[in-house]
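Now for the letters of each chain:
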Amino acid sequence: MLLAYVDESYTRDRYSMVALLAPKDQAIFLTRTLDEVVAGAAQAYGVVPPPQLHDMDLSHGNRGWEPIVKTRRVMIGVYHAAFLAIADYEAATGPIPRRPAGDDAA
């Protein structure tokens with residue numbers, strides 16, 4: 001079974017959603033690893049945990065990310081660390097395999 005981390009974004013003209021798919025046996029470990037990225041930012045830059053890795057908050061310095069709002073290199077470093085963490089797991093980053101026609105199993 002795959003679990004999906006889903007996020008949405010919108011502008012006046014467009015609404016979009018994205019999902020990161022991870023095998024359920026790795027989802028807890030992936031979550032812990034991403035929590036370590038946030039904890040590292042808290043220790044190094046004074047980010048106030050528990051901020052989540054939401055682009056709007058991170059890029060605008062909201063919900064605990066205020067200490068790094070004017071340091072774009074640090075913000076990019078947090079993204080980089082998160083992407084490296086995701087790459088360490090079997091998360092789907094390409095086309096999602098489709099079930100064969102007629103396979104209605106949940």
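Scroll up to find the structure.
Residues numbered from 1 in each chain as written. Predicted model: local features only at pLDDT ≥ 70, side-chain atom pairs only at ≥ 80, totals over all residues. Heavy atoms only, no water.

**Regarding the overall build of the protein chain**
Logical step 1: Counting its secondary structure elements, the protein chain contains three helices and two strands.
Logical step 2: The helix and strand sequence of the protein chain, counted from the amino end, reads β-β-α-α-α.
Logical step 3: Burial status across the protein chain gives 27% buried among its 106 residues.
Logical step 4: Sequence-distant contacts in the protein chain: of pairs separated by 6 or more residues, those separated by 24 or more amount to 35%. (Helix = DSSP H or I, 4+ residues; strand = E, 2+ residues; numbered from the N terminus. Buried < 20%, exposed > 50% of the residue type's maximum accessible area, 1.4 Å probe, protein only. Contact = heavy atoms within 4.5 Å.)

**Regarding helix H3 (residues 72–87)**
Logical step 1: With 16 residues, H3 ought to run about 22 Å at 1.5 Å a step, and its terminal C-alpha atoms sit 22 Å apart, in line with that.
Logical step 2: Every buried residue of H3 is listed here: Val74, Met75, Val78, Ala82, Ala85 and Ile86. Seen end-on, H3 carries its buried residues on one side only, within an arc spanning 125 degrees. Exposed and facing more than 90 degrees away from the buried side of H3 are Arg73, Ile76, Phe83 and Ala87. (Expected span 1.5 Å × (residues − 1). Arc of directions from axis to C-beta.)

**Comments concerning the pairing of strand S1 (residues 2–10)**
Logical step 1: Here S1 runs beside strand S2 (residues 15–23); their pairing, made up of nine bridges, is antiparallel. When the sheet's bridge partners are listed, Tyr10 is paired in S2 with Tyr15.
Logical step 2: Counted between consecutive antiparallel strands, the loop separating S1 from S2 contains four residues. (Pairing = 2+ DSSP bridges.)

**Focus on the packing of aromatic side chains**
Logical step 1: Considering all chains together, one arrives at one aromatic pair under this definition.
Logical step 2: Plain terms: the ring middles of Tyr79 and Phe83 are 6.2 Å apart, the flat faces sit at 20 degrees to each other, and that makes the pair stacked. Here Phe83 and Tyr79 lie together in helix H3, a separation of four residues that amounts to about one turn.
Logical step 3: On the basis of relative accessible area, Phe83 is assigned to the exposed category, the value being 54%. (Phe/Tyr/Trp six-rings, centres within 6.5 Å; stacked < 30°, edge-to-face > 60°.)

**Digging into the layout of surface pockets**
Logical step 1: Size it by volume and the largest pocket reaches roughly 1,200 Å³.
Logical step 2: Considering the residues around the largest pocket, the lining is formed by 31 residues, among which Val6, Asp7, Leu53, His54 and Asp55 are closest to the centre.
Logical step 3: Sorting elements by how many residues they give to the lining of the largest pocket places S1 first, with six residues.
Logical step 4: For the lining of the largest pocket, the per-class residue count stands at 20 nonpolar, five polar and six charged. (1 Å grid on protein atoms, 1.4 Å probe; cavity = no way out; pocket = protein on both sides within 12 Å on 5 of 7 lines; lining within 4 Å. Points joined across faces, edges and corners; volume = space filled by probe spheres on them. Nonpolar A, V, L, I, M, F, W, Y, C, P; charged D, E, K, R; others polar.)

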